[in-house]
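What follows is each chain in one-letter form.
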Amino acid sequence: MRNIPQELDTRLMAQEDDRDYDYNHCSEAGWVTDCMRRLILLRRMPPKSADVDLSMKRRFEEGHRQEVLMRGELKDAGFSILPVGPDSLEWPEYKLKGLPDDLIYLDEKVPNVIDYKSCSPYVFKEVKRFNRWEDFLKSKYHWIRHAPGQTMLYIPLLKQNDYDVDPEASILYFKDKDSGEKHQVFIYYDDPYVQILLNGLKKVNEYVENKTNIEADYTDDCRWCDYKGYCFKDEQVLRNGLETINNEEAERMLIRMKELEPSNEEYKKLHDQIRTEFLGHNVIIGDFKLTTTDYNQSTYQIPPEVKEQYKQSVQRQRFNIDQLTKVL
Ligand code: SF4
């Protein structure tokens, strides 16, 4: 019997990445203020297609499908949409490339950049609270933090390439993939912020040209970054202060758990088993760091009409399993 999901995953993994790693890209420019080292590594040591996480590839693919649906819905509703491309636009001075999703006419004069962003209900709930570009910088999701910089950079990039576009505002257009609800935010062009990004990209170009890089500095974003193993492999940063213990059975479970990630039933069972055994401990087992951190959770009790008065702060424990190295 053929296994359809497996065949589709294999096909997806075999697809070549068509990104041009000789250039900086508008979609990544926000990393200038988060981790410029990542931008330099992307240029100097592009990730190999086979090393990119399958779940990440699935998400990108799904994002593209949603983009087509969102565009089609706007066209069906009578909006005038102008495609850009098909090739990416270039700004040689900054070695910058980018391709806005579309331009949209909201009146008869000049079009605005529109960028489609489909997201989970959880992320949508967050962005629904955002109305100004600065709000996005507070998000814990890097792709949300970087979205305003991406759309702002499209404006000078389009001008460089002789497109007529509203210079003052672009649109981030979000869709909740679950409910289909939409949310739009006008991103007003902020020249000082754009200059910070462009100056950062200039520095990235210098580092790439000189074949040098910035020291790695561990942040929350490193947890999922493909370069984590490279940046911290030989350092104690990920291990600092934690005892390394030998527990072959637990290590076998952790390795097997990683193989089964993200959705297999066995994964959940092993995770729960390991959590039960190690919750409250901070240890290293083989290539895995097991940590428990406290956090406060607010709960509300009935009656709902007065629930604010019954708000309680309860201390709980958060348990994380991080793989220390990921081979590039
Ligand atoms: S692992 Fe961390 S320091 Fe290294 S490139 Fe990624 S985000 Fe930057």
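Quick note: structure is the one above.
So, here is what we can say about the structure in this document. The structure presented is a predicted model; accordingly, all values stated were derived computationally and were not measured.

### Focus on the overall build of the protein
No. 1: Scanning the protein for helices and strands turns up twelve helices and twelve strands.
No. 2: For the C-alpha atoms alone, the extent of the protein along its principal axes is close to 65 × 60 × 50 Å.
No. 3: Excluding contacts between residues fewer than 6 apart, the proportion of contacts in the protein whose partners are at least 24 apart in sequence is 63%.

### What to know about helix α3 (residues 36-44)
No. 1: Among the residues of α3, Arg-38, Leu-39, Ile-40, Leu-41 and Leu-42 are the ones counted as buried.
No. 2: Turning to α3, the residues buried within the fold contact β1 (24-25), α2 (31-34) and α9 (191-210).

### A word on the site of the ligand
No. 1: All residues in the neighbourhood of the ligand are listed as Cys-35, Arg-37, Arg-38, Leu-41, Ala-216, Asp-217, Asp-221, Cys-222, Cys-225, Tyr-227, Lys-228 and Cys-231.
No. 2: Those elements that provide at least two residues to the shell around the ligand are α3 and α10 (228-232).
No. 3: Top contributing element to the shell around the ligand by residue count: α3, with three residues.
No. 4: Partitioning the shell around the ligand into residue classes produces seven nonpolar, no polar and five charged.

### Notes on the sheet that holds β1
No. 1: In spatial order, the strands read β1-β4-β3; together these three strands make up an open sheet with mixed pairing. Pairing within the sheet leaves two strands with one partner each, and these edge strands are β1 and β3 (89-91).
No. 2: Of the strand pairs in this sheet, β3 and strand β4 (residues 96-98) are connected by three bridges, and their pairing is antiparallel. Pairing of Glu-90 across the sheet is with Lys-97, part of β4.

### Some details on the packing of α3 against α9
No. 1: At their nearest, the axes of α3 and α9 sit 9 Å apart, and the two run at 50° to each other. With respect to their mutual orientation, α3 and α9 come out oblique. Crossing of α3 against α9: the hand is right-handed. Across the interface between the two elements, Met-36, Leu-39, Ile-40, Arg-43 and Arg-44 from α3 touch Gly-200, Lys-203, Val-204, Tyr-207 and Val-208 from α9.
No. 2: Partitioning the contact of α3 with α9 into residue classes produces six nonpolar, one polar and three charged.

### Quick word on the packing of helix α1 (residues 4-14) against helix α4 (residues 54-76)
No. 1: For the pair α1 and α4, interaxial distance at closest approach is 10 Å and the crossing angle is 90°. As judged from the angle between their axes, α1 and α4 are roughly perpendicular. Contact residues: α1 offers Asp-9, Leu-12 and Met-13, while α4 offers Leu-54, Lys-57, Arg-58 and Glu-61.
No. 2: Class assignment of the residues belonging to the contact of α1 with α4 gives a composition of three nonpolar, no polar and four charged.

### Details of the sheet that holds strand β9 (residues 243-245)
No. 1: Read from one edge to the other, the open sheet built from four strands follows the order β9-β10-β11-β12, with strand pairing classed as mixed. Both outer strands of the open sheet, β9 and β12 (312-323), are each paired with one neighbouring strand and no more. Pairwise comparison of adjacent strand axes, ignoring direction, gives a mean angle of 35° for this sheet.
No. 2: As paired elements, β9 and strand β10 (residues 283-285) share three bridges and run parallel to each other. Bridging across to β10, Glu-243 finds its partner in Val-283.
No. 3: Set on the sheet, helix α11 (residues 248-260) makes contact with β10, β11 (288-299) and β12; between it and β10 the angle comes to about 75°.

### Structural notes on α9
Within an α-helix, residues lying three or four positions from one another point in the same direction, as the helix has 3.6 residues per turn.
No. 1: The end-to-end C-alpha distance of α9, which contains 20 residues, comes to 28 Å, matching closely the 28 Å that a straight helix rising 1.5 Å per residue would cover.
No. 2: Downstream of α9 by a residue or two, Lys-211 has a phi angle that is positive, lying close to 55°.

### Observations regarding unusual backbone geometry
No. 1: One non-glycine residue with positive phi stands out, namely Lys-95, at about 50°.
No. 2: Mapped onto the secondary structure, Lys-95 falls in the loop between β3 and β4.
No. 3: For Lys-95, a count of 18 C-beta atoms within 10 Å puts it in the partly exposed group.
No. 4: Backbone geometry at Lys-211 places phi at a positive 55°, although glycine is not the residue there.
No. 5: Relative to the helices and strands, Lys-211 resides in the loop between α9 and α10.
No. 6: In this structure Lys-211 comes out as exposed when scored by C-beta crowding, with 8 C-beta atoms within 10 Å.

### Focus: the pairing of strand β8 (residues 182-188)
No. 1: Note: strand β7 (residues 169-176) against β8, seven bridges, orientation antiparallel. Pairing of Tyr-173 across the sheet is with Gln-184, part of β8.
No. 2: Here β7 folds back onto β8, and the loop between the two strands holds five residues, one of which, Gly-180, carries a positive phi near 85°.

### Structural notes on the environment of Lys-268
No. 1: For Lys-268, the location among the structural elements is in helix α12 (residues 265-278).
No. 2: Assessed through the 13 C-beta atoms surrounding it within 10 Å, Lys-268 is described here as partly exposed.
No. 3: Separated by 74 residues in the primary sequence, Lys-268 and Val-194 have C-alpha atoms spaced 44 Å apart.

### Examining the pairing of β11
No. 1: Across three bridges, the pairing between β10 and β11 is antiparallel. Pairing of Ile-284 across the sheet is with Lys-289, part of β11.
No. 2: Looking at chain direction, β11 and β12 are connected through twelve bridges and run antiparallel. Bridge pairing in β12 links Thr-293 to Arg-318.

Parameters and conventions
Residues numbered from 1 in each chain as written. Predicted model: local features only at pLDDT ≥ 70, side-chain atom pairs only at ≥ 80, totals over all residues. Helix = DSSP H or I, 4+ residues; strand = E, 2+ residues; numbered from the N terminus. Contact = placed C-beta atoms within 7 Å. Buried ≥ 20, exposed ≤ 12 C-beta atoms within 10 Å, placed from the backbone. Near = placed C-beta within 6 Å. Nonpolar A, V, L, I, M, F, W, Y, C, P; charged D, E, K, R; others polar. Pairing = 2+ DSSP bridges. Axes fitted to C-alpha atoms, helices over the stretch in contact; angles between N-to-C directions. Parallel < 35°, antiparallel > 145°, perpendicular 65-115°, else oblique. Left-handed = near helix turned anticlockwise from the far one by under 90°. Expected span 1.5 Å × (residues − 1).

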